[in-house]
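A structural walkthrough
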Amino acid sequence: MFTSIRSRLWLTYILMIVGVLCVVTFGLTVYLLKNPPATRQTFQRLQIVANFIQIREAGQLQGLPPERLKNALQRTGQAVSARIILLNPAGEVLGDSLAGAAAPPPAFAALPKNPSAAPNLEFTDAKGRRWLYTLRQLDDGSVLVVAAEPPVIPLRQVLREDILPPLTQTGLLALIVALLLGYWLARWISAPLRRISSAARALAAGEHQKIPIVGPAEVRSLAQSFNEMMERMNANQQSQRDFVANVSHELKTPLTSIQGFAQAIMDGAANSPEQVQQAASVIHTEAGRMNRLVLDLLDLARIDSGIAEFKREAVDLTRLLQSVVEKFTPQATQAQVELRAEIGALPALVGDMDRLVQVFTNLVDNAIKHTPAGGRAAMRARPVDGFVEISVSDTGPGIPADDLSRIFERFYQVDKSRRGGGGHGVGLGLAITREIVQAHAGSITAYSIPERGSTFTVKLPVARPDDSTLAHRKG
Ligand code: ADP
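Since the model is a prediction, treat every value here as computed from it, not as a measurement. (Residues numbered from 1 in each chain as written. Predicted model: local features only at pLDDT ≥ 70, side-chain atom pairs only at ≥ 80, totals over all residues. Heavy atoms only, no water.)

1. Re the sheet that holds strand β2 (residues 93-96)
Our working definition: Note on pairing: two strands pair once DSSP finds at least 2 bridges between them. Elements are defined by DSSP. Helices are runs of H or I of four residues or more, strands are runs of E of two residues or more, and each kind is numbered from the N terminus. In this analysis, axes come from line fits to C-alpha atoms, helices being fitted only over the stretch in contact, and the angle between any two N-to-C directions falls in the range 0 to 180 degrees.
With antiparallel pairing, five strands are arranged side by side in an open sheet as β2-β1-β5-β4-β3. Strands at the two margins of the open sheet, each flanked by one partner only, are β2 and β3 (121-124). Strand-to-strand twist across the sheet, computed as the mean angle between neighbouring axes with direction ignored, equals 30°. Pairing of strand β4 (residues 130-137) with strand β5 (residues 143-148), which is carried by six bridges, proceeds in the antiparallel orientation.

The structure is reproduced here in structure tokens:
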């Protein structure tokens, strides 16, 4: 019952129409009960009657003794269907056509100066009955009051005769229009929604179908969000597939190597102690490589799932960066790369020292690795607007623009031919670096001019008294 959009729209329309009709009925009833036209008509009749009596009867009424005056007033009153009252100039009642039959009128103390010009008047008699009346001044100064009760129509009659017939007709018409409109509107809204729901069912079954963006604005935005969600799911699934393929690929090379050299030892193909030593050394290197890969993957998995612990400790960044540069000096000297450091006094930072060492180790290591002999690598650090900006640059071959945007993706390597080769990584270093920087509420960007070199810039927020920029757990 009322679960579909259509039935709810219909119900809303019906309730609205009934509500509006009730208000209209109430308003009309109150208006008709007051009945201003009939009241106006009564006044007009009273005016005519008063004029008539003033002209034709007034002479006969003036100066009559009370008993005869009463009879004369009674006769005239009956003839014109009105209550006739005669007042002396002081406003006291001389005679009343309904004396005895109706309660006496109140004292007419303040008579208007020109009674016949007085607007519509009303008095309430001693018993609370309302009377409309008009006044006429007679020649001898007495005042003629011609009164009649306001027209009263019973409520039931008003409802039955004046209100219900037109209201039921218009109500029915409005209902029919509302039902048709509701039907059309419901179809307009629900058709695209049905499409979205069938696309969602299809998605659950593994089918990806885009939905057209049509219908009202809210439904269009829903369809758009649905399509975006589907695209993201697609991308996620693709990246999961890529991830598994990459991991398998990276494991396959060392495993094949290990298997081959172990086989050589077992078969006796490596028969001299030097050959066995060499085979064992390769197995050791490859196993180490696999170990590093697995550790990196575990690290990423921990950061992804939010269980990686990021310490919140005061970090002396100046010393940290200097120690990283010092650590790499022998490696740089060996690679004939000039390694420079321009690190000024830096503000305090809160974060995980070991993780930050990992970030800059990776960047400096990459810089030295990718810089040919005779080249230069440098680390610079300076405070900028609540942040510390640390850049690691080199004069290596640079990174092509197409690769630059993907450099932080997992397993992404610029020179694919070197994938899995001896001392090279597997393309996880920068991915982990970015995760760590982001976990410190910082950012990392790469800038490069091919053949001229690359610069990686890390921005880390400095510690504030409210501790809001402290390193936090990811997720
Ligand atoms: P890897 O561990 O394989 O070096 P990274 O994630 O550290 O992986 O780097 C990804 C890719 O980015 C590398 O394959 C490398 O080609 C490229 N790259 C990283 N740093 C530099 C650099 N300073 N100069 C040129 N290329 C770089």
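There's more to say after this.
2. Some remarks on the side chain of Thr318
Condition: Only heavy atoms matter for contacts: two residues are in contact if any of them lie within 4.5 Å across the pair.
In this structure, Thr318 sits in helix α8 (residues 317-334). Not counting chain neighbours up to four residues away, the residues in contact with Thr318 comprise Ile343, Gly344, Ala345 and Leu346.

3. Examining the packing of aromatic side chains
Rule in force here: Pairing of aromatic rings covers Phe, Tyr and the six-membered ring of Trp, with a centre-to-centre limit of 6.5 Å; geometry is then stacked below 30 degrees between planes, edge-to-face above 60, and tilted otherwise. The criterion for a charge sitting over a ring is simple: Lys NZ or Arg CZ within 6 Å of the ring centre, and within 35 degrees of the ring normal.
Counted under the stated rule, the structure contains five aromatic pairs. Between Phe123 and Tyr133 the ring centres are 5.2 Å apart and the planes differ by 55°, which places this aromatic pair in the tilted class. Taken together, the residues Phe123 in strand β3 and Tyr133 in strand β4 connect sequence positions 10 residues apart. Taken together through their ring pairs, the aromatic side chains of Phe123, Trp131 and Tyr133 make up a single cluster. The lysine or arginine in question, Arg83, covers the ring of Trp131, its NZ or CZ lying 4.8 Å from the ring centre. Against the face of Phe387 rests Lys459, its NZ or CZ located 5.0 Å from the ring centre.

4. Regarding the site of the ligand
We apply this condition: Consider each residue's heavy atoms; a residue with any of them within 4 Å of a molecule or strand counts as near. Under the rule applied, a polar contact is a pair of N or O atoms within 3.5 Å (in protein, one hydrogen donor and one hydrogen acceptor; residues adjacent in sequence only if both atoms are side-chain atoms). Grid spacing is 1 Å over the protein atoms alone, the probe is 1.4 Å, and a cavity is where that probe fits but cannot get out, while a pocket is an open set with protein on both sides within 12 Å along at least five of seven lines and lining residues have an atom within 4 Å of a point. For a molecule to be placed in a cavity or pocket, more than half of its atoms must lie within 2 Å of the grid points of that cavity or pocket. Throughout, the ten residues Ala, Val, Leu, Ile, Met, Phe, Trp, Tyr, Cys and Pro are labelled nonpolar, Asp, Glu, Lys and Arg are labelled charged, and all others, Gly among them, are labelled polar.
Lining the immediate surroundings of the ligand are 21 residues, of which Asn366, Asp394, Gln413, Gly427 and Leu430 lie closest. Backbone polar atom of Val414 to an oxygen atom of the ligand: 3.3 Å apart, as the coordinates give it. Between the ligand and Ser454, the relevant distance is 3.4 Å, taken from a nitrogen atom to a side-chain nitrogen or oxygen of the residue. Taking a 2 Å distance to the grid points as the criterion, the majority of the atoms of the ligand fall inside the largest pocket. Of all the secondary-structure elements, those providing two or more residues to the shell around the ligand are α9 (353-369), α11 (429-439) and β12 (453-461). Considering each element in turn, the shell around the ligand owes the most residues, four residues, to α9. Here the shell around the ligand is composed, by residue class, of nine nonpolar, nine polar and three charged.

5. Topic: the pairing of β4
Rules: Three exposure classes are used, based on accessible area relative to the maximum for each residue type with a 1.4 Å probe and protein chains only: buried under 20%, partly exposed in between, and exposed over 50%.
Summarising burial for β4: six of the eight residues are buried, a large majority. Pairing analysis gives four bridges linking β3 to β4, with the strands arranged antiparallel. Bridging from a neighbouring strand, Glu122 pairs with Leu132 of β4. In sequence, β4 turns back onto β5 through a hairpin of five residues, with Gly141 there showing a positive phi of about 95°.

6. Considerations on the sheet that holds strand β7 (residues 338-343)
Taken in spatial order, the five strands make up an open sheet running β7-β9-β10-β12-β11, and their pairing is mixed. Of all the strands in the sheet, just β7 and β11 (443-449) have a single pairing partner and so form its edges. Neighbour-to-neighbour, the strand axes of this sheet turn through a mean angle of 15°, independent of strand direction. Where strand β9 (residues 376-384) and strand β10 (residues 387-394) come together, eight bridges link them in antiparallel fashion. By the bridge assignment for β10, Ala381 is matched with Ile390. Docked against the sheet, α8 engages β7, β9 and β10, running at close to 170° with respect to β7.

7. Focus on the packing of helix α5 (residues 155-204) against helix α6 (residues 217-267)
Spelled out, the test is: Roughly parallel means an angle under 35 degrees; roughly antiparallel, over 145; roughly perpendicular, 65 to 115; everything else is oblique. In this scheme the crossing of two helices becomes right-handed for a clockwise turn of the near helix relative to the far one and left-handed for an anticlockwise turn of less than a right angle.
In the contact formed by α5 and α6, the axes pass within 10 Å of each other and the chain directions differ by 15°. Classified by the interaxial angle, the pair formed by α5 and α6 is roughly parallel. Judged by the sense of rotation from one axis to the other, the crossing of α5 with α6 is left-handed. Of the residues in α6, those in contact with Ile189, Pro192, Leu193, Ile196, Ala199, Ala200 and Leu203 of α5 are Val219, Leu222, Ala223, Phe226, Met229, Met230 and Met233. Residues of the contact of α5 with α6, tallied by class, amount to 14 nonpolar, no polar and no charged.

8. Here's the deal with the pairing of strand β1 (residues 83-87)
With five of five residues buried, β1 lies mostly within the body of the structure. Of the two faces of β1, the one lined by Arg83, Ile85 and Leu87 and the one lined by Ile84 and Leu86 are each fully buried. Where β1 meets β5, five bridges bridge the pair, whose relative direction is antiparallel. Of the residues in β5, the one forming a bridge with Arg83 is Ala147. Between β1 and β2, which pair antiparallel and follow one another directly, the connecting turn spans five residues, one of which, Gly91, has a positive phi of 95°.

9. Here's the deal with the pattern of salt bridges
What counts, and what does not: Definition used for salt bridges: Asp or Glu carboxyl oxygen within 4 Å of a side-chain nitrogen of Lys or Arg.
Applying the stated criterion across every chain, the model contains 15 salt bridges. A salt bridge links Glu149 to Arg129; the shortest N-O distance between them is 2.9 Å. With Glu149 in the loop between β5 and α5 and Arg129 in the loop between β3 and β4, this residue pair connects regions lying 20 residues apart in the sequence. Relative accessible area serves as the criterion here: at 38%, Glu149 is assigned to the partly exposed category.

10. Here we look at α11
In terms of residue burial, α11 counts as a mostly covered element, since eight of its 11 residues are buried. For α11, the complete set of buried residues consists of Leu430, Ala431, Ile432, Thr433, Glu435, Ile436, Val437 and Ala439.

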